[in-house]
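Here is what each chain is made of, one letter per residue.
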Amino acid sequence: AAAKRPLEPQPSEAEVTVEVPVDWRSMPLDQWLRSVDNGKGFLLKYQEALCKNFDDLEQVMDLYVRPDSEGNVEIDQTFFDDLQIEKVGHMR
């Protein structure tokens with residue numbers, strides 16, 4: 001009889017990760033966009049506009065991310081307007 005090989009464990013969805021550079025300032029915009037939705041690709045439709053209009057993630061953060069009155073960060077609505085993001089789920 002042929003010997004049976006043990007099945008190799010397959011990664012579960014929870015184990016799938018997107019590599020993120022330690023310093024977010026060095027992350028390319030397309031890589032950051034993929035990391036936002038854990039590599040699912042739902043936000044890739046905004047990649048062209050994002051890469052065309054901005055040099056890097058630090059520029060995006062400087063232009064659109066501000067602390068609110070409680071010290072939390074919030075994204076200025078003009079970011080979504082500028083990239084023509086209309087789906088509420090894509091704004092979270």
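Residues numbered from 1 in each chain as written. Predicted model: local features only at pLDDT ≥ 70, side-chain atom pairs only at ≥ 80, totals over all residues. Heavy atoms only, no water.

**Some remarks on a negative patch on the surface**
Together, E74, D76, D81 and D82 make up a region of like negative charge exposed at the surface. Secondary-structure assignment places D81 in helix 4 (residues 77-82). D81 gets classed as partly exposed once you look at its relative accessible area, which sits at 48%. (Patch = residues over 30% accessible without salt bridge, like charges linked within 9 Å, V, L, I, M, F, W, Y side chains within 5 Å. Areas by Shrake-Rupley, 256 points an atom, 1.4 Å probe, with all protein chains shown as cover. Salt bridge = Lys/Arg side-chain N within 4 Å of Asp/Glu carboxyl O. Lys, Arg positive; Asp, Glu negative; His and termini not counted. Charge placed at Lys NZ, Arg CZ, Asp CG, Glu CD. Helix = DSSP H or I, 4+ residues; strand = E, 2+ residues; numbered from the N terminus. Buried < 20%, exposed > 50% of the residue type's maximum accessible area, 1.4 Å probe, protein only.)

**Examining unusual backbone geometry**
One non-glycine residue with positive phi stands out, namely N38, at about 55 degrees. Tracing the chain through its elements places N38 in the loop between helix 1 (29-36) and helix 2 (47-53). Backbone geometry at Q84 places phi at a positive 55 degrees, although glycine is not the residue there. Within the secondary structure layout, Q84 lies in the segment after helix 4.

**Quick look at the packing of aromatic side chains**
Throughout the structure, instances matching the rule amount to three aromatic pairs. Here F54 and Y64 contribute two aromatic rings whose centre-to-centre distance is 5.8 Å and whose plane-to-plane angle is 80 degrees, an arrangement assigned as edge-to-face. Taken as a pair, F54 in the loop between helix 2 and helix 3 (57-64) and Y64 in helix 3 lie far apart in primary sequence, ten residues in all. For the pair F54 and Y64, one class covers both residues: buried. The interplanar angle of 65 degrees and the centroid separation of 5.1 Å between the aromatic rings of Y64 and F79 together place this pair among those described as edge-to-face. Note that Y64 is positioned in helix 3 and F79 in helix 4, a separation of 15 residues in sequence. An identical accessibility class is assigned to Y64 and F79; each is buried. By way of ring pairs, the aromatic residues F54, Y64, F79 and F80 are connected into one cluster. (Phe/Tyr/Trp six-rings, centres within 6.5 Å; stacked < 30°, edge-to-face > 60°.)

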